[in-house]
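A closer look at the structure
Now for the letters of each chain:
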Amino acid sequence: MYLTRQLRQLPRSRLTRHIASGNGPHYTTAAPQPAAEHIEIPKRIERSPTDLLQALASTVGRDATAPHYKYHDDPFLIPMSNITKRTYALSKEAGRKAANWIKEEHRELFMHQEAQPPIEKFAPSMVFTEESEVDASSLQLLVSQGELKDAVLVYNLLVQKGIEVSDALKQSLLELVCFYNNEEPLPEEYIEERWFMQNSRRRERHGKTWKDGELAEKLYAAIEPKTPQSYAALIRGMAKYLQCERAYALLQEANEKRIQLDTNTYNAIIQIVSFIKDTAEQRWQMCTSLLNQMAEQQLKPNLGTLNAVLECISTFGNFKLARSSALKVLPEFKQLGIVPSLGSYYYLLIIFCRERAPVSHVIIDILNDINGKEFKVEHPKDTYFFATAMDVCRNHLHDKALAKRVDELLHTGNNYDLIGDSFKEGIYYRNYLALLCQTESIEDFMRTYDILVPNIYIPEPGIMEEILRAIEINGAVEHVPRIWSDMVIFDHTHRESLLLYVLRIMVDNRPNPELPAQQQLPEQCANVAWDMYNKIEESAKRIKKVSFTGQMLGDILTLLVRGNSSFDKATQVFTYIDKQQHRIPGTPADSALFEYVEASILNKAPSQALMALQYAVENNMETTPLAKRIYEGFTLSEVHLAKLKSLVGEGFLTK
Amino acid sequence: MLAFRNTQKLSLRAFLPTAKNVGILSYSSSSQSKDDDGSSSSDDEKRTRKQRKPEEKTGETAAQRLNRLLGTMQTQTDQLTSSDFPRPGDANRKRREALKQDTATSNVITAAKNIASMLGTNENEKKQTESELLAKLLGHSAEGGSDITQGEDKNPSATAADGEKELNLSELIVGMKIDRRQQPEQPEPTRSEYVRRTLASRSKPSGGDFTSRRPQRHVKREAETFSGSVNLYGGEPLGIFTKGDVKLQDSPDILSTWSMLNDRDLKLHAAHPPANYFEQMIQWTDQGKVWRFPIDNEQDMQEEVNVDFSEHIFLEQHLEGWCPNKGPIRHFMELVCVGLSKNPYVTAQEKKEHILWFRDYFEAKKDILKDLMSKEGGVNVKKITT
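Residues numbered from 1 in each chain as written. Chains lettered and ligands numbered in written order. Predicted model: local features only at pLDDT ≥ 70, side-chain atom pairs only at ≥ 80, totals over all residues.

Turning to the overall build of chain A, a few remarks are in order. Helix and strand content of chain A: 32 helices and zero strands. For chain A, the proportion of its 655 residues judged to be buried stands at 40%. (Helix = DSSP H or I, 4+ residues; strand = E, 2+ residues; numbered from the N terminus. Buried ≥ 20, exposed ≤ 12 C-beta atoms within 10 Å, placed from the backbone.)

Here you go:
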């Protein structure tokens, strides 16, 4: 800064720069230029402090092969399953919270001001107590910062001390209290917590949470005479926290007193029409009458009105009325020049695409309408669109092409910001992957799978099952080892149904050694089976344990036998089956035993084969083919022959 | 033997994908139509029909058929068209399509036969495998290749329902009105029967009767003119705000604090955990933890904003009028000025006060200084007092 000021006073010629023509419009130049070339100096564009950073950030795309930024501090700790991802992110946030707690708890350690200018975030926050010296200006500051708790405390102090609080300030405080329903909101900076919050606590609109007769209403009573603002604040607060009857009564009272309210207040009431009236017809009637009131008062509706009306319509049980009224509302607002937000389209989707109504293709028209557009968040429900749209694509229309269009829209510009939170993102990708694995060929699907999994999305067990089903249908057993290793990483190995499914696919689809892709497969399958065997055995110590069934062990045995070098392991598994046969429910399939006997013939292990036969005899399984095969396959020693005879009797040889 | 059966199954599966592709290829028009707005008749049309039907009771069989149709309605919406109007170029296309289809179907059949003869040992088993194979293949293609899993799951039960696949809505209604021909009283059609019928309907086109295929083929065309699509903005407006005599005024939010909080809330709705370092920096900048761009080392120094740098650096001016022009005090004060001019941590005002403090100090100690200096030689004393 000093330097530039000095430079300004230097002779101009020394500042001269030779610039390539048109290259540096930001530099003035006094160099002798041809007179004809007039350089237009553009007006300086005011940039906000983050504009430059935003421009830089927009150059960084999402790298599907890398974990998310928040996870990449230590490669060793990169989380690989949904639960660990959540734990990791929230632990990081918990660390931040702990630091914050220390800062507040031991504030005396942080009173020094090292930085110039001081960084307020790093200083302990002001603590207001009963003894604090306060005046109206500190209340003003707290309200403008949205510090609910402190603002309320300071207000109470002011009242106690008998300091006059101006009506404007009371009004601001009333708005603050109404907005948050006198409950401390989650601090802004806990972004991870907000990202994962709805996993556990789905914010459904259940019942009234408005605190009757508390601070908000006292504040409201303290404001005399009543202004439109005070009415509006209380109405909106009540509507937001579903004190519907009183909110509506207040609106009527305001109308009787000829108090002019504003559009947003009406929007709040329209939003809760469905809680006031029961049937679709009544709701629609009330909705239109409210709109008429607005028109009478010459209030121009806005996007909030459109969305509120659509929300009201979406609660109609009568889908015909819902559809027809939605189609009346849309052109109306179009004529008013109100551009719908993604939230409006979300409501359209839930109006048109219902389970108990005819299939509707409204999403096609919506996509035609908004293709390639970039959206900014304008309404709280904007973030619901993508998850719902993908849900419609999968469950309502079952249409791959549409799903791809939705996905394209999501990746246009900054639209990804509107995916919502981790919960909605999960729903979105769940539907997307499930749809793709049902409709695409397995190769195409695996390509998408490779991109999305595991860094962007990790399939839940249900989706894993869908994927396995797709693999089974396509007979693409070569993908099973890969999926299995993913399942291990994603912590799905305690799902018995999934384990059985994987085994069944591998057993039913005997690898074809002629295909190059499947040459390694018997080995790999044997490894998978062995891995699974160990995993299950290990899990016996855990709480969530999977227990063996005979079927499962039989499949594992089969797979081990098919692998070329895993006969020893197969023997180990069979010994386990044999020893634990009273604990394991069910028996291995006949085919499994037969394959095991075959393998023992190949490996010249007659005692193993006889053990299998013995097991078959003891468990009442079909023994004749086994015995025959053993008899034909081996040249049995006397001892073995005697055992064979003792097991199945002499008779079978003569058959 | 069991192991052997497994291999059979496997090789069947190995054939499946390719065979399925054939199916998709030859019936691409149908799957295409599904990708577009599948249902050919609009929702409303369907609904009215549904309502109309109960009025035209024509007896037991019709009711039964109706029930069956309603049962299958959900899955085969695309069959519900009744567009039998001839269109230009139809005949030609029909011929080509038929030819293509014929070869494809016959390919499929022969392939299936080959497999069956390869695998089967006795005659019965051969037939069984063949029919199973074909059922699977044609089942897929009938569903436009889009619903593999569901088709798979449903198959056993669906065969019965699909048995009368060519029976579409228009036919049904016609049937109810005019004739009560054959009773569809056959016991549940078996799988092989179903396959035969499907095959028959597929190969029919070569004979010229193309009704069963035609509706699907025309779906796309219809979608362009009239489809299940919804004209979002073309309807009759509500007419509350758009009446001629309503004058509307913009209604800005009358609650300033509320709207501020609302904006903040909205921003948080679209806020994500930072995805790269730049976003992290943005977050920190917004929280005021790092320097704001453009970097300016006078950032947030509100007190000094309007003070020129010269007042920080050229401090000798404050010596004028009280400090001797030379001598130890002058020397000392010049050093003080140099030191202060390099100090970025105090304001210009503080620097000035600092210098003036020295003035007052020397003034206060004048007597002592005089004494000291007179001992050393009275030269400088005069100058101090000036």
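This paragraph deals with the overall build of chain B. Broken down by element type, chain B carries 17 helices and zero strands. Going through the 386 residues of chain B one by one, you find that 20% of them count as buried. Relative to all contacts within chain B whose residues are 6 or more apart in sequence, the contacts with residues 24 or more apart total 74%. (Contact = placed C-beta atoms within 7 Å.)

A word on the interface of chain A and chain B. Every contact between the two is made by 87 residues of chain A and, on the other side, 76 residues of chain B. Among the elements that take part in the side of chain A that touches chain B, helix H15 (residues 319–335) of chain A stands out by supplying eight residues, more than any other.

A few words on the nonpolar core. Membership of the largest hydrophobic core comes to 176 residues, with the highest contact counts inside it found for Ile235(A), Ile269(A), Ile556(A) and Ala612(A). Non-local contacts of Ile235(A), meaning those with residues more than four positions away in its chain, are made with Ala247(A), Leu250(A), Leu251(A), Thr265(A), Ala268(A) and Ile269(A). Counting residues in hydrophobic clusters, the runner-up holds five residues, among them Leu315(B), Cys323(B), Met333(B) and Ile355(B). (Core = buried A, V, L, I, M, F, W, Y, C linked by C-beta atoms within 7 Å.)

Moving on to unusual backbone geometry. Along the chain, Glu224(A) connects to Pro225(A) via a cis peptide bond; the corresponding omega equals -10°. Looking at where Pro225(A) falls in the secondary structure, it is placed in the loop between helix H8 (215–222) and helix H9 (228–240). Here the bond from Phe293(B) into Pro294(B) is cis, since omega is -10°, no more than 30 degrees from zero. Inspection of the secondary structure assignment puts Pro294(B) in the loop between helix H12 (277–287) and helix H13 (309–313). One non-glycine residue, Arg258(A), lies in positive phi territory at about 55°. Here Arg258(A) is to be found in the loop between helix H10 (244–256) and helix H11 (263–271). We classify Arg258(A) as exposed; it has 7 C-beta atoms within 10 Å. Positioned with a positive phi, Asn620(A) is a non-glycine residue whose angle comes to about 60°. Positionally, Asn620(A) belongs in the loop between helix H29 (606–618) and helix H30 (624–633). Since 8 C-beta atoms lie within 10 Å of it, Asn620(A) is described here as exposed.

So, about the packing of helix H4 (residues 136–145) of chain A against helix H5 (residues 148–160) of chain A. All names here are of chain A. Interhelical geometry of H4 versus H5 gives an angle of 160° and a closest axis separation of 9 Å. When the axis of H4 is compared with that of H5, the two are roughly antiparallel. Relative to H5, H4 is oriented so that their crossing is left-handed. Packed against H4, whose contacting residues are Ala 136, Ser 138, Leu 139, Leu 142 and Val 143, the element H5 presents Asp 150, Ala 151, Val 154, Tyr 155 and Leu 158 at the interface. Here the residues of the contact of H4 with H5 are counted per class, giving eight nonpolar, one polar and one charged. (Axes fitted to C-alpha atoms, helices over the stretch in contact; angles between N-to-C directions. Parallel < 35°, antiparallel > 145°, perpendicular 65-115°, else oblique. Left-handed = near helix turned anticlockwise from the far one by under 90°. Nonpolar A, V, L, I, M, F, W, Y, C, P; charged D, E, K, R; others polar.)

Another point: the environment of Tyr231(A). Residues and elements named next belong to chain A. Its place among the elements puts Tyr 231 in helix H9. By the C-beta count within 10 Å, which is 23 here, Tyr 231 ends up buried. In this structure, the C-alpha to C-alpha distance between Tyr 231 and Leu 261, residues 30 residues apart in sequence, is 7.9 Å. Look past the residues within four positions of Tyr 231 in its chain and what remains in contact with it is Lys 226, Leu 250, Ala 254, Ile 259 and Leu 261.

Next up on the list: the environment of Met238(A). Residues and elements named next belong to chain A. Within the secondary structure layout, Met 238 lies in helix H9. Owing to 28 C-beta atoms within 10 Å, Met 238 belongs among the buried residues under this scheme. When the C-alpha positions of Met 238 and Ile 272 are compared, they lie 10.0 Å apart, and in sequence the two are 34 residues distant.

This part takes up helix H13 (residues 280–296) of chain A. All names here are of chain A. Taking 1.5 Å per residue as the helical rise, H13 with its 17 residues ought to reach 24 Å, and the 24 Å between its terminal C-alpha atoms agrees with that figure. For H13, the full list of buried residues reads Ala 280, Arg 283, Trp 284, Cys 287, Leu 290, Leu 291, Met 294 and Ala 295. Viewed end-on, H13 has its buried residues packed into an arc of 145°, placing them on one side of the element. In H13, the exposed positions that point more than 90 degrees away from the buried face belong to Glu 281, Gln 282, Ser 289 and Glu 296. At the exit of H13 stands Gln 298, carrying a positive phi of roughly 60°. (Expected span 1.5 Å × (residues − 1). Arc of directions from axis to C-beta.)

Bringing the packing of helix H18 (residues 385–397) of chain A against helix H20 (residues 422–439) of chain A into the picture now. Two quantities define a packed helix pair, namely the angle between the axes and the distance from one axis to the other. Residue and element names in this part refer to chain A. Relative orientation of the contacting elements H18 and H20 amounts to 20°, with a least axis distance of 8 Å. The orientation of H18 with respect to H20, classified from their angle, is roughly parallel. Between H18 and H20 lies a crossing of left-handed hand. For the pair H18 and H20, contact is made by Phe 386, Ala 387, Met 390, Asp 391, Cys 393 and Arg 394 and by Lys 424, Ile 427, Tyr 428, Asn 431, Tyr 432, Ala 434 and Leu 435, respectively. Split into classes, the residues belonging to the contact of H18 with H20 amount to nine nonpolar, one polar and three charged.

For the rest of this paragraph, the subject is the confidence of the model for chain B. Caution applies to low-pLDDT parts of the model: their predicted coordinates are not meant to be read in detail. All names here are of chain B. The predicted model of chain B averages 64 in pLDDT, with 41% of residues at 70 or higher. For residues 74–88, every residue scores under 50 in pLDDT, and the model assigns this stretch 28 contacts once sequence neighbours within four places are set aside. With pLDDT under 50 throughout, residues 203–227 is counted as low confidence; its partners more than four residues away or in other chains account for 40 contacts. Taken over the whole predicted complex, pTM reads 0.69, whereas the ipTM for its chain interfaces reads 0.81. (pLDDT = per-residue confidence, 0-100.)

In this section: H4(A). Residues and elements named next belong to chain A. Restricting attention to buried positions, one finds in H4 the residues Leu 139, Leu 142 and Val 143. Looking down the long axis of H4, one finds its buried residues gathered within 100° of arc, a one-sided arrangement. Counted as exposed and oriented over 90 degrees from the buried face of H4: Ser 137 and Gln 145.

Averaged over chain A, the pLDDT score is 85; the fraction of residues at 70 or greater is 92%. Confidence drops under a pLDDT of 50 for residues 1–29 of chain A, and excluding neighbours within four residues, the segment shows 23 contacts in the predicted structure.

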